[in-house]
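# Reading the structure
If you want the building blocks of each chain, they are given just below.
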Amino acid sequence: QVQLVESGGGLVQAGGSLRLSCAASGRTFSSYAMGWFRQAPGKDREFVAGINWIGRSTNYADSVKGRFTISRDNAKNTVYLQMNSLKPEDTAVYYCAADWSRSSVVVSTTSEYDYWGQGTQVTVSS
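These remarks concern the structure in this document. These numbers were taken from a predicted model, which means no experiment stands behind them.

## Points about unusual backbone geometry
Among all residues except glycine, the phi angle is most often negative; among peptide bonds, the trans geometry is most common. For asparagine 77, which is not a glycine, the phi torsion comes out positive at approximately 55 degrees. Relative to the assigned elements, asparagine 77 resides in the loop between strand 7 (68-73) and strand 8 (78-83). The exposure class assigned to asparagine 77 is partly exposed, which follows from its relative accessible area of 29%. At serine 85, a position not held by glycine, the phi torsion is positive, near 50 degrees. By the element assignment, serine 85 lies in the loop between strand 8 and strand 9 (92-99). On the accessibility criterion, serine 85 (40% relative accessible area) is partly exposed.

## Overview of the sheet that holds strand 3 (residues 18-26)
Strand order across the open sheet formed by four strands is 1-3-8-7, with antiparallel pairing between neighbours. Looking at which strands have only one partner, the edges of the open sheet turn out to be strand 1 (2-7) and strand 7. Strand-to-strand, the axes of this sheet are offset by a mean angle of 15 degrees, without reference to chain direction. For strand 1 and strand 3, the ladder comprises six bridges, and the chain directions are antiparallel.

## As for the environment of tyrosine 32
Relative to the assigned elements, tyrosine 32 resides in the loop between strand 3 and strand 4 (33-39). Contacts of tyrosine 32, omitting those with residues within four sequence positions, involve Val2, Ala24, Arg27, Trp53, Arg72, Ala98, Asp99, Trp100, Arg102 and Ser103.

## Description of the nonpolar core
Side chains that are nonpolar tend, in soluble globular proteins, to be buried together. Counting residues in each nonpolar core, the largest one holds 30 residues, and the members touching the most others are Leu4, Met34, Trp36, Leu81, Met83 and Tyr94. Elements with a contribution of two residues or more to this core: strand 1, strand 3, strand 4, strand 5 (46-51), strand 7, strand 8, strand 9 and strand 11 (120-125). Excluding residues within four positions of it along the chain, methionine 83 makes contact with Gly16, Ser17, Leu18, Leu20, Arg67, Phe68, Tyr94 and Val122. Core analysis: the next-biggest nonpolar cluster, separate from the first, contains six residues, Phe47, Val106, Val107 and Tyr113 among them.

## Digging into the pattern of salt bridges
Across all of its chains, the model carries six salt bridges by this definition. Glutamate 46 is paired through a salt bridge with arginine 38; the nearest N and O atoms lie 2.7 Å apart. The exposure class of glutamate 46 is partly exposed, given its relative accessible area of 36%. A salt bridge links aspartate 62 to lysine 65; the shortest N-O distance between them is 3.2 Å. According to the relative accessible area criterion, aspartate 62 is exposed, its value standing at 66%. Linked through salt bridges whose partners overlap, the residues forming this network are Arg38, Glu46, Arg67 and Asp90.

Calculation notes
- Each chain carries its own residue numbering, running from 1 in the written order of its sequence.
- Only residues with pLDDT of at least 70 get local features here, since the model is predicted, and only at 80 or more are side-chain atom pairs given and counted; chain-wide, interface and lining totals rely on the full set of residues.
- As a convention, hydrogens and water are excluded, and side-chain values are obtained from all of the structure's heavy atoms.
- Helix numbers and strand numbers start at the N terminus; a helix is a DSSP run of H or I with at least 4 residues, a strand a run of E with at least 2.
- For every residue, the accessible area (1.4 Å probe, protein chains only) is compared with the maximum for its type, and the residue is labelled buried under 20%, exposed over 50%, or partly exposed between those bounds.
- When DSSP finds two or more bridges between a pair of strands, those strands are recorded as paired.
- Axis lines are fitted to C-alpha atoms, over the contacting stretch for helices. Their N-to-C directions set the angle, which ranges from 0 to 180 degrees.
- Residue contacts are counted whenever heavy atoms from the two residues lie within 4.5 Å of one another.
- By convention a nonpolar core is built from buried Ala, Val, Leu, Ile, Met, Phe, Trp, Tyr and Cys residues, the set being connected through side-chain atoms within 4.5 Å.
- Whenever Lys or Arg places a side-chain nitrogen within 4 Å of a carboxyl oxygen from Asp or Glu, that contact is recorded as a salt bridge.

Structure (structure tokens):
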């Protein structure tokens, strides 16, 4: 079992920055890939970014490439999402997730992730 707790969300103006954190507990954090997803009202949950177990392989949605950066600190059992140049369309609840079945490969499919946090709200005002 893996427990995930997100933090760092809030209200920010367009063009601003936020850093989300996701603290993991339970199974060995460095054993699995991690991802960030988001869900806006009335929309499906979508992949934002993912990172493999050691942080050497990352993957991003086209909509956030060049603006968001995912990273992890295995010593702190934490994965981060640095979000810069935020836009109103980035407004959503952001979730971190653990892909227990993979360590080296990062996938973007929601159903492939085994454990989820409760989410943190990010609101970008125009």
